[in-house]
Amino acid sequence: MANKAEQLTMLKPPLKWAGGKRWLINELQKYWKKHQHKRLVEPFCGGLSVALGLKPQSALLNDLNPALINFYQHLQNGLQMDIELLNQEQAYYQCRERFNQLNGDPQAQKLAAQLFYYLNRTGYNGLCRFNKKGGYNVPFGRYKTINYQTDFSHYQPVLSQWQFSNVDFEDLHVDSADFIYADPPYDTPFHQYSQQGFNWDDQVRLAEWLSQHKGPVILSNQATDRIKTLYRELGFRLRYLDAPRLISCKGNQRQAVKEVLALRGF
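The model shown is predicted, which means the values in this text are computed figures rather than measured ones.

Thresholds, definitions, all that
Residues numbered from 1 in each chain as written. Predicted model: local features only at pLDDT ≥ 70, side-chain atom pairs only at ≥ 80, totals over all residues. Heavy atoms only, no water. Core = buried A, V, L, I, M, F, W, Y, C linked by side-chain atoms within 4.5 Å. Buried < 20%, exposed > 50% of the residue type's maximum accessible area, 1.4 Å probe, protein only. Helix = DSSP H or I, 4+ residues; strand = E, 2+ residues; numbered from the N terminus. Domains from an automatic or database assignment. Axes fitted to C-alpha atoms, helices over the stretch in contact; angles between N-to-C directions. Parallel < 35°, antiparallel > 145°, perpendicular 65-115°, else oblique. Left-handed = near helix turned anticlockwise from the far one by under 90°. Contact = heavy atoms within 4.5 Å. Nonpolar A, V, L, I, M, F, W, Y, C, P; charged D, E, K, R; others polar. Salt bridge = Lys/Arg side-chain N within 4 Å of Asp/Glu carboxyl O. Phe/Tyr/Trp six-rings, centres within 6.5 Å; stacked < 30°, edge-to-face > 60°. Lys NZ or Arg CZ within 6 Å of the ring centre and 35° of its normal.

1. So, the nonpolar core
Moving on, step 1. Counting 57 residues, the largest nonpolar core has Leu48, Phe71, Tyr72, Phe99, Phe116, Tyr136 and Trp162 as its most contacted members.
Moving on, step 2. The leading source of residues in this core is helix H6 (residues 109-122), at seven residues.
Moving on, step 3. Taken domain by domain, this core gets at least three of its residues from each of domain 1 (6-73 + 153-264) and domain 2 (81-150).

2. Examining the packing of helix H8 (residues 200-211) against helix H9 (residues 225-233)
Moving on, step 1. At a minimum axis distance of 10 Å, the contact between H8 and H9 shows a crossing angle of 25 degrees. Relative to H9, the element H8 is oriented roughly parallel. In the crossing of H8 with H9, the sense of the turn from one axis to the other is right-handed. Across the interface between the two elements, Trp200, Gln203, Val204, Leu206, Ala207 and Leu210 of H8 pack against Arg226, Ile227, Leu230 and Tyr231 of H9.
Moving on, step 2. Residues of the contact of H8 with H9, tallied by class, amount to eight nonpolar, one polar and one charged.

3. Description of the pattern of salt bridges
Should their charged atoms come close, side chains of opposite charge can pair.
Moving on, step 1. Under the criterion given, the structure shown has 14 salt bridges.
Moving on, step 2. Residue Asp175 is joined to Arg39 by a salt bridge in which the shortest nitrogen-to-oxygen separation is 3.9 Å. Placement of the pair is Asp175 in the loop between strand S3 (163-165) and strand S4 (179-182) and Arg39 in the loop between helix H2 (25-32) and strand S1 (40-42), with a sequence separation of 136 residues.
Moving on, step 3. Asp175 gets classed as partly exposed once you look at its relative accessible area, which sits at 47%.
Moving on, step 4. Looking at Arg39, the relative accessible area reads 17%, which means it is buried.
Moving on, step 5. What emerges from the salt-bridge pattern is a single network uniting Asp168, Glu170, Asp202 and Arg205.

4. Quick notes on the packing of aromatic side chains
Aromatic rings in a pair are described by how distant their centres are and how their planes are angled relative to each other.
Moving on, step 1. Summed over all chains, the structure comprises 22 aromatic pairs.
Moving on, step 2. Arranged with centres 5.2 Å apart and planes meeting at 80 degrees, the rings of Tyr92 and Tyr93 form a pair that is edge-to-face.
Moving on, step 3. Aromatic pair Tyr231 and Phe236: ring centres 5.0 Å apart, planes at 80 degrees, arrangement edge-to-face. This pair shows no difference in class: Tyr231 is buried, exactly as Phe236 is.
Moving on, step 4. Taking the ring centre of Trp200 as reference, the NZ or CZ of Arg226 above it sits at 4.1 Å.
Moving on, step 5. One cation-aromatic arrangement involves Arg264 over Phe236; the distance from NZ or CZ to the ring centre is 5.2 Å.

Here it is, written out as structure tokens:
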């Protein structure tokens, strides 16, 4: 049987995730390797690529999206898919309507987790988008083929050691020695990633919260002028990277954008 390190090496993010940070793992490893005995805290864990890439023994993984966290909590229990997974437009919209009808029903969270996975794999380009009423509104993806998973038991041994939560980042119980990696929604006009959204006031709240942490902190965001000014004025050291643009209407028009890493405690 594979040990935990081998299991982590084999695991890939279970979801398609626009804006995922698999491309950033090698850069993050440079900072993480001296602190890997610490707990990794992610206020915005998203597609889970960073946690699976850094392989922490202990982690607190949070996200604004309750449907996402519900899915991960069911992965911790060895989720098995019971629903039919069809790459068909009619089936997709029927499942989307069913998912929205559940609307956080505590008696239907396993079904909601399965539907969320199906919608994620079948919907357009790995997007996760909700309207202000909390309705999932990503359109059908029109893929020729989709490799769906039906058995997620191989995630259980690793994820069972991690803690998942769905709270505002300021409500996280963080220890002074924790290693925080924050990847909030980008500072762009679109920020309806969750029902609550994430606006400029939230960006400022996050920056101020991170600046008060006594342990190591890394933030990644799009390198807009106001993000750079915000973190520079709070005493962060800034680094710039070319990031792949993961969402575009035409795949051959994807362009690199500047990503900023804001660093403290290194």
